[in-house]
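Observations on chain architecture
Chain by chain, the residues:
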Amino acid sequence: MAENEAAELLRLLEEAETHHPTELHTEHRNNAHLAFPFLADLAVDARVVDAAESLVGPDISLSSSVLFIKEPDSAAFVSWHQDAFYIGLEPDNFVTAWIALTPSTRASGCVSVIPGSHGKRFRHLDTFGEDNMLTRGQTVAGVDGAAAVDLVLRAGQMSLHHPWLVHGSQPNRSGRRRVGIAMQSYLGADVRPTRGDYHVLAVRGDKPHSSFTTVPPPTADVDPAGAAVRAAANLALSAVLYDGAGQTRAL
Ligand SMILES: O=C(O)CCC(=O)C(=O)O
């Protein structure tokens, strides 16, 4: 999308942060598209969904979203990981769209990926590192950062990543916020939960399979119905992401 369109989404997000600070702070960054209509609209935006469809097929649902916000000159980073390692969905016919609302550059800590790494499954260690933005600080050890490719995006661009692609990101050393939202993930028709309960939004084509809980999009910012839908979805997601973990963090 054009940069001015992304700037308008950023304005809406920052307005929402001002009016609903507890709904959008770092530890409450999941599934904001279930409580804020402008993010639900972005989740079903044809430009995003057309790209997802080219990879996962015409019947699509969205299992969750994550706001990845790095404040200016901050230490927050994302360790090398594979999303599918802790997501309870199979087969791997799903894709994440990472949408930049501000420039995502090497200086601001853009997402970096290891080409070809989606062909293997790597062991992850839970570090729960303080500045690590991931739920468990899950980390693939021994990744050669020199092999990484930076996904540099201007505001309004997006990248798509495969669920087994090793990726991570460095701290934001720029003087500007790095704001991205990961629509994580767009699921094809054959995808099923392998554990837990996923609360999905119907995005395109046939309605989601009955093994998922289908939830409605919000009608107003954090209205009681939307807030309840999001809270239930986050609880269910938390149970999946922390399955087997020794400790948890707020989600
Ligand atoms: O935003 C980041 O830096 C990391 C994003 C990520 O890990 C993801 O979208 O799966």
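In this text, all values refer to a predicted model and were calculated from it rather than measured experimentally.

Section: the site of the ligand
Near the ligand you find 13 residues, and of these Trp98, His167, Ser169, Arg178 and Gln184 are the closest. Separating an oxygen atom of the ligand from a side-chain N or O atom of serine 169 is a distance of 2.5 Å. A distance of 2.9 Å separates an oxygen atom of the ligand from a polar side-chain atom of glutamine 184. In isolation the ligand exposes 290 Å². Once the protein is present, 100% of that is buried. Mapped onto the shell around the ligand, the elements with two or more residues apiece are strand 2 (65–70), strand 3 (78–81), strand 11 (167–169) and strand 12 (178–187). At three residues, the largest contribution of residues to the shell around the ligand is made by strand 12.

Points about helix 1 (residues 3–19)
For an α-helix, the turn length of 3.6 residues means that residues three or four places apart are oriented alike. Taking 1.5 Å per residue, 17 residues should reach 24 Å; helix 1 reaches 24 Å between its end C-alpha atoms and fits that length. Residues of helix 1 that are buried include every one of Ala6, Leu9, Leu10, Leu13, Ala16 and Glu17, and no others. The buried residues of helix 1 occupy one face: seen down the axis, they fall within an arc of 120°. Those residues of helix 1 that are exposed and aimed more than 90 degrees away from the buried face are Asn4, Thr18 and His19. Residues of helix 1 that are buried sit in contact with helix 2 (21–24), helix 3 (37–43), strand 2, strand 5 (94–100) and strand 12.

Overview of the nonpolar core
Counting 35 residues, the largest nonpolar core has Leu13, Phe36, Met183 and Tyr186 as the members making the most contacts within it. When residues no more than four places from it in sequence are discounted, the contact partners of phenylalanine 36 are Ala16, His20, Glu23, Leu24, Pro218, Asp221, Val222 and Arg230. Within the second largest apolar cluster, 28 residues are counted, among which are Met133, Trp164, Leu237 and Leu241.

Observations concerning the packing of aromatic side chains
Per the stated rule, a full pass over the model turns up one aromatic pair. Residues phenylalanine 36 and phenylalanine 38 carry aromatic rings whose centres are separated by 6.3 Å and whose planes lie at 65° to one another, so their mutual orientation is edge-to-face. Across the pair, exposure class does not vary: phenylalanine 36 and phenylalanine 38 are buried alike.

A few points about the pattern of salt bridges
Pairing between side chains becomes possible if they bear opposite charge and their charged atoms approach one another. Scanning the entire structure with this criterion turns up 11 salt bridges. Arginine 11 is paired through a salt bridge with glutamate 8; the nearest N and O atoms lie 2.9 Å apart. Placement of both arginine 11 and glutamate 8 in helix 1 is noted, with a separation of three residues, approximately one turn of the helix. Taking relative accessible area as the criterion, glutamate 8 reaches 35% and is therefore assigned partly exposed. Glutamate 15 is the partner of arginine 11 in a salt bridge, and the nearest nitrogen-oxygen pair spans 3.0 Å. Separated by four residues within a single helix, arginine 11 and glutamate 15 lie in helix 1, roughly one turn from each other.

Looking at the pairing of strand 10 (residues 158–161)
Of the two faces of strand 10, the one holding Ser159 and His161 is buried and the one holding Met158 and Leu160 is not buried anywhere. By the bridge criterion, four bridges tie strand 5 to strand 10 in an arrangement that is antiparallel. If you follow tryptophan 98 over to strand 10, its bridge partner there is serine 159.

About the cut-offs
Residues numbered from 1 in each chain as written. Predicted model: local features only at pLDDT ≥ 70, side-chain atom pairs only at ≥ 80, totals over all residues. Heavy atoms only, no water. Near = heavy atom within 4 Å. Polar contact = N/O pair within 3.5 Å; in protein donor to acceptor, adjacent residues only side chain to side chain. Areas by Shrake-Rupley, 256 points an atom, 1.4 Å probe, with all protein chains shown as cover. Helix = DSSP H or I, 4+ residues; strand = E, 2+ residues; numbered from the N terminus. Expected span 1.5 Å × (residues − 1). Buried < 20%, exposed > 50% of the residue type's maximum accessible area, 1.4 Å probe, protein only. Arc of directions from axis to C-beta. Contact = heavy atoms within 4.5 Å. Core = buried A, V, L, I, M, F, W, Y, C linked by side-chain atoms within 4.5 Å. Phe/Tyr/Trp six-rings, centres within 6.5 Å; stacked < 30°, edge-to-face > 60°. Salt bridge = Lys/Arg side-chain N within 4 Å of Asp/Glu carboxyl O. Pairing = 2+ DSSP bridges.

As far as function goes, none of this settles anything; it's purely spatial.
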